Amino acid sequence: MANAGHILGLTGAHLQLSLPAIAAAFLLSLPLARLANRLRPARALILGGTGLLYAVPSLPLFIVLPVLIGTGVRDTLNVIVALTLFGLALMVRSAADALDAVDEDTRLAATALGHSSRGRFWTVELPLAGPALLAGLRVVSVSTISLVSVSAVLGVQSLGSLFTDGFQRGIVAAVAAGIAMTVLLALLLDLLLVLLGRLLMPWSRR
Amino acid sequence: MIEFERAGKTYPDGTVAVGEFSLRIPSHTTTVLLGSSGCGKTTLLRMVNRMVDPTSGRVLIDGEDVAQEAPVALRRRIGYVMQNSGLLPHRRVIDNIATVPRLTGMPRGAAHERARELMRTVGLDSGLARRYPGQLSGGQQQRVGVARALASDPNILLMDEPFGAVDPLVRMELQRELRRLQTQLRKTILFVTHDIDEALALGDQIVVLQPGGQIAQAGTPEEIVAAPANDFVARFLGLDAGRRSLRARPQPGGGWLVSDAGGRPLGVLPDDPAREGPG
Ligand SMILES: Nc1ncnc2c1ncn2[C@@H]1O[C@H](COP(=O)(O)OP(=O)(O)OP(=O)(O)O)[C@@H](O)[C@H]1O
Ligand SMILES: [Mg+2]
């Protein structure tokens, strides 16, 4: 039972690292995506640039980042920023494509009704891009949940700590529990996102 | 009154959509722009609400150049209906109709009240208010489109092939409704179509367009049918194919069978065409 408490604590820590990163990646991706779509010549640069972030190996990034932003290697903030960057790498392109795919006729209709460009973005384009944005967000969510574990190597507590400890001490059960919990967490969060989408976008159900 | 003063539009890629177009559209009448695909109808229509800015000439509403007006404010006081209705798929029927009143700051309750009133005006069952556009038939969607365009009680209504995507029966029904509405509301309507029958059914004035937004002929439906200005207009009306030179033949049981010059039957006329016929 002490183990259960331990695992629960690590699950909490895991969420504390991943949820802010997922949210930040989502929110930051929107202005970047909008910029990319409005500045057509810059589109390739913005999308390519953020996409390239994903090619950076995760472990070195966790170690280099503190030098750039002045945090400690084991700071929660360090891990969250790194995870946000990886999330952005996936989300900016999804968001740009999602916003770009909004039906041109609908966009024109909104303009003809007298929406300002900003009003049209918030009240028409963003909601209509919702289902595609959600699809992107689900990928980011799963990927972030699994990526958090890497930070355990640095000594930051998360479900990943079950792998590192388990390996060091040769406890197979701990490694198995770590894997099971990570998968479970990813699935639960995914389910939550799907339900949230149903709630916020009742019109998208056919 | 809407006036086009030598208005022209050349798109950035060099396409001359409209060369030079001048036309006066009297208030409280329906003017139909009639022409085949690509002749510049949509471009002309959008010059009125500044979705397209002319590259030469200007467009005036009641004597004021629209270029002087902020586009967003201008669009809110001009109704616009497009093909495939252009409804916002994520908003319920009632919210779609209430869009412009809400944009101009009307409280939600009042805007919904107004939307319900408009649903009655255009003959929409109030039970449809909470549906999403995807849950309506094409004809119903177009009615919502018309209701939405009328929501802020605009003086001007721009309609771009609004009934182009519905079947012929529904289309005629919608045309009849629009005529009925127009006798009540007396808006200044600029209506785009490539369907000659629709133009004849709706227009007080018909403007037949050639490619490049060139006016082939402008006049009342009677003038255009009776005296087409040139071969292009005659061809467009189907006059050369004899579609509109009608023959009436007495039927054995009484009444007349009316057909076109090619012998294609068009309908029947009751017994005494002199008294009950259209003449
Ligand atoms: N944004 C644009 N850029 C370049 N060319 C354009 C643009 N919009 C329209 N055109 C061209 O201008 C011409 C007139 O287009 P417009 O849409 O006004 O025609 P239309 O009469 O409304 O045609 P339809 O009946 O098919 O709707 C066409 O040749 C079209 O290809
Ligand atoms: Mg058109």
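Looking at an unreviewed UniProt entry, one finds chain B named ABC-type quaternary amine transporter and attributed to Sediminivirga luteola.

**A word on the side chain of Arg143 of chain B**
Residue and element names in this part refer to chain B. Inspection of the secondary structure puts Arg143 in helix H6 (residues 138–150). Judged by relative accessible area, which is 13%, Arg143 ranks as buried. Setting aside residues up to four positions removed in sequence, Arg143 forms contacts with Val122, Gly123, Leu124, Glu173, Leu174 and Glu177.

**Considerations on helix H2 (residues 40–53) of chain A**
All names here are of chain A. The end-to-end C-alpha separation of H2 is 21 Å, in line with the 20 Å expected for 14 residues at 1.5 Å each. Residues of H2 that are buried include every one of Ala42, Arg43, Ile46, Leu47 and Thr50, and no others. The buried residues of H2 occupy an angular sector of 130° when projected down its axis, which confines them to one face. For H2, the exposed residues lying more than 90 degrees away from the buried face are Pro41, Ala44, Leu45 and Leu52.

**Here we look at the nonpolar core**
If you look at the biggest cluster of nonpolar residues, it comprises 43 residues, and the most contacted ones within it are Leu34, Ile97, Met159, Phe191 and Val208 of chain B. Sort the elements by how many residues they give to this core and H6 of chain B lands first, with five residues. If near-sequence neighbours (up to four positions away) are discounted, Phe191 of chain B is found in contact with Thr30, Thr31, Val32, Leu33, Met159, Pro162, Phe163, Leu178, Glu198 and Leu202 of chain B. Leu10, Ala95, Phe121 and Leu162 of chain A belong to the second-largest nonpolar core, a separate cluster that totals 41 residues.

**Quick word on the UniProt feature "domain: ABC transporter" (unreviewed entry) in chain B**
This chain's UniProt record puts "domain: ABC transporter" (unreviewed entry) on residues 2–237 of chain B. The span residues 2–237 of chain B is 38% helix and 25% strand, and its two end C-alpha atoms sit 26 Å from each other.

**Quick word on the sheet that holds strand S9 (residues 205–210) of chain B**
Picture the strands of a sheet paired through backbone hydrogen bonds; they go either parallel or antiparallel. Residue and element names in this part refer to chain B. Judged by pairing direction, the sheet is mixed, and its six strands sit side by side in the order S6-S7-S8-S3-S9-S10 without closing on themselves. Since the sheet does not close on itself, it has two edges, and those belong to strand S6 (78–82) and strand S10 (214–219), each with one partner. Ignoring which end each strand starts from, the neighbouring axes of this sheet average 15° apart. Judged from the five bridges that link them, S9 and S10 form a sheet pairing that is antiparallel. Pairing of Val208 across the sheet is with Gln217, part of S10. The strands touched by helix H7 (residues 168–185) within the sheet are strand S3 (30–34), strand S7 (156–160) and strand S8 (188–193), with S8 carrying the most contacts at an inclination of about 165°.

**Notes on the environment of Asp53 of chain B**
Note that Asp53 of chain B resides in the loop between helix H1 (41–48) and strand S4 (56–61). For Asp53 of chain B, a relative accessible area of 35% puts it in the partly exposed group.

**A look at the interface of chain B and chain A**
Each side of the interface is counted separately: chain B has 21 residues, and chain A has 18 residues. Around 1,600 Å² of area is buried between chain B and chain A when both sides are counted, 69% of it from carbon and sulfur atoms. The largest contributions to the chain B side of the interface with chain A come from Arg75, Met82 and His90 of chain B, which together make up 29% of the buried area. Put simply, chain B and chain A have zero salt bridges between them. For the pair chain B and chain A, the number of links is three residue pairs in polar contact (both at pLDDT 80 or more). Within the residue set of the side of chain B that touches chain A, elements represented by two or more residues are helix H2 (71–76), S6 and helix H4 (99–103) of chain B. When the residues that make up the side of chain B that touches chain A are grouped by side-chain class, the tally is ten nonpolar, six polar and five charged.

Conventions we followed
- The numbering scheme is per chain: residues are counted from 1 as the chain's sequence reads.
- Chains carry letters from A onward and ligands carry numbers from 1 onward, assigned in written order.
- Local features in this predicted model are restricted to residues whose pLDDT is 70 or higher, and side-chain atom pairs enter the listing and the counts only when it is 80 or higher, whereas totals over whole chains, interfaces and linings include all residues.
- Hydrogen atoms and water are omitted, and side-chain values are computed over all heavy atoms in the structure.
- Numbering of helices and strands starts at the N terminus; helices are DSSP runs of H or I of at least 4 residues and strands are runs of E of at least 2.
- Here's how the labels work: a residue is buried when its accessible area is under 20% of the maximum for its type, exposed when over 50%, partly exposed in between, all with a 1.4 Å probe on protein chains only.
- The criterion used for residue contact is that any of the two residues' heavy atoms lie within 4.5 Å.
- Here a helix's expected span is defined as the number of its residues, less one, multiplied by 1.5 Å.
- Of all possible arcs, the one meant is that of the directions from the helix axis to the C-beta atoms.
- Side-chain atoms within 4.5 Å link the members of a nonpolar core, which is a set of buried Ala, Val, Leu, Ile, Met, Phe, Trp, Tyr and Cys residues.
- UniProt positions are given in the numbering used here, feature names are shortened, and annotations may be inferred rather than shown by experiment.
- Two strands are said to pair when DSSP picks up at least two bridges between them.
- An axis is simply a line fitted to the C-alpha atoms; with a helix, the fit covers only the stretch in contact. Between two such axes, the angle follows the N-to-C directions and lies from 0 to 180 degrees.
- Values labelled buried area give the accessible surface lost by two parts on being combined, using a 1.4 Å probe and summing over both.
- The working definition used for a salt bridge is a side-chain nitrogen of Lys or Arg within 4 Å of a carboxyl oxygen of Asp or Glu.
- Polar contact criterion, stated in full: a pair of N or O atoms within 3.5 Å, where within protein one must be able to donate a hydrogen and the other to accept it, and residues adjacent in sequence count only if both atoms are side-chain atoms.
- For this classification, the nonpolar set comprises Ala, Val, Leu, Ile, Met, Phe, Trp, Tyr, Cys and Pro, the charged set comprises Asp, Glu, Lys and Arg, and every other residue, Gly included, is treated as polar.

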